[in-house]
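The lines below spell out each chain.
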Amino acid sequence: MAVMEEILINLPEKNGALDAEETGDHYDVHIGKLIQKVPVVDFNDLGNRVLEIFEADENIEGVVVLKQGRAAGLIMRNSFYRRIGRQFGREVFLTRPVNRVMNKQPLIVNPSTDITQIGMLSMSRDQDSLYDFILVEDKGCYLGAISIRRFMVELSKRREKQIRLLEKQKETIKNLMDNAGQGFLSFGNDLVIFNEYSLECVDIFEREIGGLNFLELIGCHLSQEERETTDAVLKGIFNANNSLERNVYISLLPSEIKVAEKIIQCEYKVIPQLEQKIVMAILTDITEKKALEQKMIEEKNNLKMVLKALSCQSDIINGMDGFKELMEKTVPEILESGYSPAEKLSEIYRAVHTYKGDFSQLHLSHTAAHLHELEDRLSLLTDSGNVTVEAIKEIVDSVDCEHYLARDREIITEILGEDFFCQSQTFAVSLDRIIEIEQRVTAAFSDEQQAELLSLIRRLRCSNFKDILAPYGEYVQSLAERLEKGIKPIEISGDDIFIDKRAYTKFCKSLIHVFRNVVDHGIEDMDSRIEAGKPEYGTIRVEVKAESEGFTLVIADDGKGIDPAVIKAKALEKGIYSEEAIDGLSDKEVIEIIFMDRFSTKDEVSIVSGRGVGMAAVRAEVESLGGSVEVCSEVGKGTAFIFRLPRIIT
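Residues numbered from 1 in each chain as written. Predicted model: local features only at pLDDT ≥ 70, side-chain atom pairs only at ≥ 80, totals over all residues. Heavy atoms only, no water.

Undergrad: In this structure, what is going on with the sheet that holds strand β8 (residues 183-187)? I would like to understand it.
TA: Backbone hydrogen bonds hold the strands of a sheet together, and the pairing may be parallel or antiparallel. Strand order in the open sheet made by the 4 strands is β8-β11-β10-β9, with antiparallel pairing throughout. This sheet does not close on itself; its edge strands, each paired only once, are β8 and β9 (256-259). Each strand of the sheet is rotated relative to its neighbour by a mean of 30 degrees, with strand direction disregarded. When β8 meets strand β11 (residues 278-285), the two strands line up antiparallel, connected through 5 bridges. Considered in β11, the bridge of Phe184 is made with Ile282. The strands touched by helix α13 (residues 287-311) within the sheet are β9, β10 (262-271) and β11, with β10 carrying the most contacts at an inclination of about 120 degrees. (Pairing = 2+ DSSP bridges. Helix = DSSP H or I, 4+ residues; strand = E, 2+ residues; numbered from the N terminus. Axes fitted to C-alpha atoms, helices over the stretch in contact; angles between N-to-C directions. Contact = heavy atoms within 4.5 Å.)

Structure follows, in structure tokens:
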């Protein structure tokens, strides 16, 4: 690569054109205190290294490229994502040295540079050469970078004597703001926006904004509740007496708004040094960044789904076929049964909820999202209090199974080919043939003679219960990552229990609700665990034990446990029990409430949990097998779900 054409500015500590009275304190007007550390990469590193840095922290705006300790270039987030988002961009830029994507002519200054000169020095360059960071070097050694945004905030903090200097440089600063690629506006306690704002604000709001009320400007892009909250927060900011209180209020202002089709990131700075408190709003259009990040998230999810398809082909095929059978056969049978409309709705609701969990575990995210929407509709019907068979039928008749499955099926087919869904599970000896042999042995031998033979034959069509539970390990790790929690890999211990998978299919599927509740409700976040004196990473223990008449499954965690007081409060709030009735229950009986239909301690419903039907579905499946479930929990220590199950031979 050609040697970088550096622009290294060595200015004297005092500029003859500016005397001390005009500039104020010497430390104030130099850039040393504005220098910040930003991530760096080596000149010879590959583009993948830059992607890793940006992926690790979405707040990182740029990366500096170093060559032998000196600044060789600059890579800004938005510019980088635009490049790799182009056709063949990932192949071209991620696997080759970073010098292909860096800006080779960043503005470089030394620590003694006067901050009021930075604007003029920046504007003296070509408009195409303006960037979000100014790099700082001292005696040929890279020190750090200055954010243009922070520079603008710092300028706004200058004392009144410095405001006179700012007025002299007003046009220069205005040009700098206009070319910073961000919207800068400010307002006082009357919320009226000052006339000095950047052109980007006009692009964002598609009109001039000087003299408008800030709350009215952004209020039309907020919900009524958000607008009321913002109004109260703004009043709090201007009435606050200290910086800590102001910072708390600042954190409650909207961090993102949607204007037309644009997604705007909002940051705020309070400037208290002036006679009048001023709030500066810094607006950044992150629409393209969000779209690119969403595309990358979808690509990752698709890859997870394809990898799961390679290892669990039969589970995916059977899951899709089972969902179609549910909607086309089982649901009509439920609607024709003798149950009450409310019971029919509850049964359908639980089945849909379980399939949503199955598809989430298999990373069929598009199908799971459709089922989440279907749950919403069924939930609204339940809450309406007017549950009729006709109303249920109207909802389920609108379900197009092929449409629900289409996108995930299309992604798998595009990558793995059309044959993926044409293949079926095969055996060296077919399952039907094994069952036929089993029947012939039963008919041909006496009870004593057939026992050993039947045991051997049945093992051919039985699965180790541990192997059936193993995929939940990956599901737990994926969910923990999504909820930003740390959980050690699950280890399944105990006896090898061989079961006929067909008899336990629904129960095994329902266990997704247990694991999901353990991760979402049981295991604390890392900070809370450390504060409680626990290891940073939580533990989930799974144990299988053979019993004389069946077997036991234990799923235990070292989380926060189930607090009977919380369960009681929620049960009273939801009207499940009267205060007198619930006071008569033991703690163990109170904990059993978690198995009641539509009971949840969560106030908000997400695609992860909050419906209050998962644990009810688990108990229903356990009892359908003739088994039982017990919960042992200690607040602050953890919870154990103990399932006692019979051996079922079909």
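Undergrad: Help me understand the sheet that holds strand β13 (residues 491-494), please; the structure alone is not making it clear to me.
TA: Spatially, the 5 strands line up as an open sheet ordered β13-β15-β16-β18-β17, and their pairing is mixed. What marks the edges here is a single partner per strand, and that holds for β13 and β17 (628-634). Averaged over all pairs of adjacent strands, the angle between their axes in this sheet comes to 15 degrees, without regard to strand direction. Bridge analysis of strand β15 (residues 540-547) against strand β16 (residues 550-557) gives 8 bridges, and the strand direction is antiparallel. What sits directly across from Arg541, in β16, is Ala556.

Undergrad: How do you make sense of the environment of Val306 when you look at a structure like this?
TA: With respect to the helices and strands, Val306 occurs in helix α13. Residues Val306 and Asp408, 102 residues apart in the sequence, show an inter-C-alpha distance of 9.5 Å. Ignoring sequence-local partners within four residues, the contact set of Val306 consists of Ile415 and Leu416.

Undergrad: Sorry, what's going on with a negative patch on the surface here?
TA: On the surface, Asp525, Asp527, Glu531 and Glu536 cluster together into a negatively charged patch. If you trace the backbone, Asp527 turns up in helix α24 (residues 526-531). Given a relative accessible area of 56%, Asp527 falls into the exposed group. (Patch = residues over 30% accessible without salt bridge, like charges linked within 9 Å, V, L, I, M, F, W, Y side chains within 5 Å. Areas by Shrake-Rupley, 256 points an atom, 1.4 Å probe, with all protein chains shown as cover. Salt bridge = Lys/Arg side-chain N within 4 Å of Asp/Glu carboxyl O. Lys, Arg positive; Asp, Glu negative; His and termini not counted. Charge placed at Lys NZ, Arg CZ, Asp CG, Glu CD. Buried < 20%, exposed > 50% of the residue type's maximum accessible area, 1.4 Å probe, protein only.)

Undergrad: How should I be thinking about the nonpolar core in this particular structure?
TA: If you look at soluble globular proteins, the nonpolar side chains tend to sit buried side by side. Counting residues in each nonpolar core, the largest one holds 46 residues, and the members touching the most others are Phe465, Phe507, Leu511, Ile540, Leu553 and Phe643. Of all the elements, helix α23 (residues 501-522) adds the most residues to this core, at 9 residues. Apart from the residues lying within four places of it in its own chain, the contact partners of Ile540 are Val476, Ile487, Ile490, Glu491, Phe515, Val518, Val519, Ile555, Ala556 and Asp557. (Core = buried A, V, L, I, M, F, W, Y, C linked by side-chain atoms within 4.5 Å.)

Undergrad: Explain helix α16 (residues 365-384) to me, please; I cannot follow it from the model alone.
TA: Residues that lie three or four places apart on an α-helix share one face, since the helix turns once every 3.6 residues. Compared with the 28 Å implied by 1.5 Å per residue over 20 residues, the 29 Å span of α16 between its first and last C-alpha is a close match. Along α16, the residues that are buried comprise Thr367, Ala368, Leu371, His372, Leu374, Glu375, Leu378, Ser379 and Leu381. In this fold, the buried residues of α16 make contact with α14 (313-336), α15 (341-361), α17 (389-397) and α18 (401-416). Downstream of α16 by a residue or two, Gly385 has a phi angle that is positive, lying close to 75 degrees. (Expected span 1.5 Å × (residues − 1).)

Undergrad: Whenever I open this one, the pattern of salt bridges confuses me. Can you help?
TA: Note on pairing: side chains with opposite charge can pair once their charged atoms come close. Under the definition given, this model contains 22 salt bridges. Between Glu402 and Lys324 there is a salt bridge, with the nearest N and O atoms lying 3.4 Å from each other. One end of the pair, Glu402, is in helix α18; the other, Lys324, is in helix α14, with 78 residues separating them in the sequence. You can call Glu402 partly exposed: its relative accessible area is 42%. Each of the salt bridges in this network shares a partner with another, and the network as a whole consists of Glu524, Arg529, Lys534 and Asp558.

Undergrad: Any chance you could explain the side chain of Ser510 here in plain terms?
TA: With respect to the element layout, Ser510 can be found in helix α23. On the accessibility criterion, Ser510 (1% relative accessible area) is buried. From its side chain, Ser510 meets the backbone oxygen of Phe507 in a polar contact 2.7 Å long. When sequence neighbours within four positions are dropped, the list of residues in contact with Ser510 reads Ala617, Val618 and Glu621. (Polar contact = N/O pair within 3.5 Å; in protein donor to acceptor, adjacent residues only side chain to side chain.)

Undergrad: Just checking my understanding: could you explain the packing of aromatic side chains for this structure?
TA: To describe a pair of aromatic rings, one takes the distance between the centres and the angle between the planes. One pass over the structure, following the stated rule, counts 13 aromatic pairs. For the ring pair Phe323 and Phe359, a centre distance of 6.0 Å and an interplane angle of 85 degrees mean the geometry is edge-to-face. Of this pair, Phe323 sits in helix α14 while Phe359 sits in helix α15, and the two are 36 residues apart along the sequence. Residue Phe323 is classed as buried on the basis of its relative accessible area of 1%. The rings of Phe323, Tyr355, Phe359 and Tyr404 are connected pair by pair, giving a single aromatic cluster. Cation over ring: Lys67 sits above Phe43, and NZ or CZ is 4.4 Å from the ring centre. (Phe/Tyr/Trp six-rings, centres within 6.5 Å; stacked < 30°, edge-to-face > 60°. Lys NZ or Arg CZ within 6 Å of the ring centre and 35° of its normal.)

Undergrad: Quick question: what am I supposed to make of the packing of α14 against α15 here?
TA: Any two packed helices are characterised by how steeply their axes cross, that is the angle between the axes, and by the distance between the axes. Direction vectors running N to C along α14 and α15 enclose 180 degrees, while the axes themselves pass 11 Å from each other. Relative to α15, α14 is oriented roughly antiparallel. Contacts between α14 and α15 involve Gly319, Met320, Gly322, Phe323, Leu326, Val331, Ile334 and Leu335 from the first element and Lys344, Glu347, Ile348, Ala351, Tyr355 and Phe359 from the second. Across the contact of α14 with α15, the residue classes tally to 10 nonpolar, 2 polar and 2 charged. (Parallel < 35°, antiparallel > 145°, perpendicular 65-115°, else oblique. Nonpolar A, V, L, I, M, F, W, Y, C, P; charged D, E, K, R; others polar.)

Undergrad: Would you mind showing me how to read the confidence of the model for the chain here?
TA: Do not read the predicted coordinates in detail wherever pLDDT is low. Considering every residue of the chain, the mean pLDDT works out to 80; 78% of them sit at 70 or more. Low confidence marks residues 424-429, where pLDDT is under 50. Its contacts with residues over four positions away, or in another chain, come to 2 contacts. (pLDDT = per-residue confidence, 0-100.)

Undergrad: I tried to follow the packing of α14 against α17 on my own but got confused; where do I start?
TA: For the pair α14 and α17, interaxial distance at closest approach is 11 Å and the crossing angle is 175 degrees. Classed by the angle they form, the pair α14 and α17 counts as roughly antiparallel. Touching Met327, Val331 and Leu335 of α14 are Val389, Ile392, Lys393 and Val396, all from α17. Its residues assigned to classes, the contact of α14 with α17 shows 6 nonpolar, no polar and 1 charged.

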